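Survey of secondary and tertiary structure
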Amino acid sequence: KQEVTQIPAALSVPEGENLVLNCSFTDSAIYNLQWFRQDPGKGLTSLLLIQSSQREQTSGRLNASLDKSSGRSTLYIAASQPGDSATYLCAVRGNNAGNMLTFGGGTRLMVKP
Amino acid sequence: DAGVIQSPRHEVTEMGQEVTLRCKPISGHDYLFWYRQTMMRGLELLIYFNNNVPIDDSGMPEDRFSAKMPNASFSTLKIQPSEPRDSAVYFCASSPFDEQFFGPGTRLTVL
């Protein structure tokens, strides 16, 4: 059974720092990996989708990498801003899991002005 | 497109009552998912549909939970009878195939 872990569970940084959020998964037979952002009391917003054949995806100040063989993905946020404060979740779709996602527990990020 | 629409946004009910949550997916998306989020268990997939057909309902916790998708633009998740431990945020998501798009959620409180 696929298990997804995100470390740290919470992170507080000063504005302007570059930071890395980590996601690890136990079964490397994945179809894709998706990073989401969740603001308090809100739904999930899709940030980046990486297919299993890809090594990274970029969107603005966000860069997500994927190392399938080691079961790891990282989300890099450049020049963090207070508006980046949210919970970041990664989710993995397995090769044999239909279209189902397995979510990590999330990293709660606070960027202090 | 307005995105995934869920109603109601908040629901407070008493134990034993029937609760119906509603979802309108993004037009053209063939997949629809129902999730539940709690502090203790995080995000859990309850059931998902492909072209209105339930594909996997292994996450549905008990027979008290049921979901339907009568057409491509509407789905319901019903809890009957509701219990306090059903209190959670319930999300609906839709997908054309790969990427999933989430609705704003329904916060359910069962007293």
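Residues numbered from 1 in each chain as written. Chains lettered and ligands numbered in written order. Predicted model: local features only at pLDDT ≥ 70, side-chain atom pairs only at ≥ 80, totals over all residues. Heavy atoms only, no water.

1. Description of the sheet that holds strand E8 (residues 74-79) of chain B
Residue and element names in this part refer to chain B. This is how the line gets drawn: Pairing between two strands is assigned when DSSP locates at least 2 bridges connecting them. Helix and strand assignments follow DSSP, with helices taken as H or I runs no shorter than four residues and strands as E runs no shorter than two, numbered in order from the N terminus. Structural elements are reduced to axes, namely lines fitted to C-alpha atoms, with helices fitted over the stretch in contact, and the angle between N-to-C directions of any two is expressed from 0 to 180 degrees.
Taken together, the four strands give an open sheet; going across it, the order is E1-E3-E8-E7, and neighbouring strands pair in antiparallel fashion. The sheet is open, and its two borders are formed by strand E1 (5-7) and strand E7 (65-71), each paired with just one other strand. Between one strand axis and the next, the sheet turns by 15° as a mean value, whatever way the strands run. In this structure, strand E3 (residues 19-24) lies alongside E8, joined through five bridges in antiparallel fashion. Counted as the bridge partner of Leu21 is Leu77 from E8.

2. Brief notes about the state of the cysteines
To be explicit about the condition: Disulfide assignment relies on a single distance test, namely cysteine sulfur atoms paired within 2.5 Å. Each residue's exposure class comes from its accessible area (1.4 Å probe, protein chains only) as a fraction of the maximum for that residue type: buried when under 20%, exposed when over 50%, partly exposed otherwise.
Across all of its chains, the model carries two disulfides over all chains by this definition. Note that A:Cys23 is cross-linked by a disulfide to A:Cys90, the S-S spacing being 1.9 Å. A torsion of 75° about the S-S bond marks the disulfide between A:Cys23 and A:Cys90 as right-handed. Of the two residues, A:Cys23 sits in strand E3 (residues 19-25) while A:Cys90 sits in strand E9 (residues 86-94), which places them 67 residues apart along the sequence. There is no split in this pair, since A:Cys23 and A:Cys90 are both buried. Note on cysteine connectivity: B:Cys23 is disulfide-linked to B:Cys92, with sulfurs 1.9 Å apart.

3. Here we look at the environment of B:Pro8
Residue and element names in this part refer to chain B. The condition is simple: Here, residues are in contact when the closest pair of their heavy atoms is within 4.5 Å.
With respect to the helices and strands, the residue Pro8 is situated in the loop between E1 and strand E2 (10-13). A C-alpha to C-alpha distance of 8.4 Å links Pro8 and Arg107, two positions 99 residues apart in sequence. Not counting the four nearest positions on each side in its chain, Pro8 is found in contact with Thr20, Leu21, Gly105 and Thr106.

4. What about the interface of chain A and chain B?
For the record, the criterion: Throughout, buried area stands for the accessible area (probe radius 1.4 Å) lost by two parts on being put together, summed over both. Any carboxyl oxygen of Asp or Glu within 4 Å of a side-chain nitrogen of Lys or Arg constitutes a salt bridge here. Side-chain atoms alone can form a polar contact between residues adjacent in sequence; in general such a contact is a pair of N or O atoms within 3.5 Å, and within protein one must be able to donate a hydrogen while the other accepts it. Polar here means any residue outside two lists: the nonpolar Ala, Val, Leu, Ile, Met, Phe, Trp, Tyr, Cys and Pro, and the charged Asp, Glu, Lys and Arg; Gly therefore counts as polar.
With 20 residues of chain A at the interface, the matching set in chain B holds 19 residues. Ranking the residues of chain A by area buried against chain B places A:Leu44, A:Asn99 and A:Met100 at the top, with a combined share of 35%. Taken together, the connections running from chain A to chain B amount to one salt bridge. Taken together, chain A and chain B are joined by six residue pairs in polar contact (both at pLDDT 80 or more). Those elements that place two or more of their residues in the side of chain A that touches chain B are strand E4 (30-38), strand E5 (44-51), E9 and strand E10 (101-103) of chain A. Here the side of chain A that touches chain B gets five residues from one element, more than from any other, and that element is E4(A). Partitioning the side of chain A that touches chain B into residue classes produces nine nonpolar, nine polar and two charged.

5. Considering the packing of aromatic side chains
How we decide: Any Phe, Tyr or Trp ring, taking Trp's six-membered ring, that has another such ring centre within 6.5 Å forms a pair; planes under 30 degrees apart are called stacked, those over 60 apart edge-to-face, and the others tilted. When the NZ atom of lysine or the CZ atom of arginine is within 6 Å of a ring's centre and also within 35 degrees of its normal, the charge is said to sit over that ring.
If you walk through the whole model with that rule in mind, you get 12 aromatic pairs over all chains. Seen from their ring centres, A:Phe103 and B:Phe102 are 6.1 Å apart, and the 90° between their planes marks the pair as edge-to-face. Here the residue A:Phe103 occupies a position in strand E10, and B:Phe102 occupies one in strand E10 (residues 101-102), the pair thus bridging two chains. Here the aromatic cluster, defined as three or more aromatic residues joined through ring pairs, consists of A:Tyr31, A:Phe36, A:Phe103, B:Tyr31, B:Phe33, B:Tyr35, B:Tyr48, B:Phe91, B:Phe97 and B:Phe102. Stacked on the ring of A:Tyr31, the Lys or Arg A:Arg93 has its end atom at 4.2 Å from the ring centre. The cationic tip of A:Arg93 hangs over the ring face of B:Phe97; the distance from NZ or CZ to the ring centre is 4.7 Å.

6. Focus: the pairing of E5(A)
Looking along a regular strand, one sees side chains alternate from face to face of the sheet. All names here are of chain A. With seven bridges joining them, E4 and E5 adopt antiparallel strand pairing. The partner of Trp35 across the bridge, within E5, is Leu48. Between the end of E4 and the start of E5, which pair antiparallel, lie five residues, with Gly41 showing a positive phi angle near 75°.

7. What about the environment of B:Gly105?
Residues and elements named next belong to chain B. Among the structural elements, Gly105 can be located in the loop between E10 and strand E11 (106-110). We classify Gly105 as buried; its relative accessible area is 3%. Sequence separation between Gly105 and Ser66 is 39 residues; the distance between their C-alpha atoms is 17 Å. Leave out the neighbours within four places in its chain, and Gly105 touches Gln6, Pro8, Arg9, Val89, Tyr90 and Phe91.

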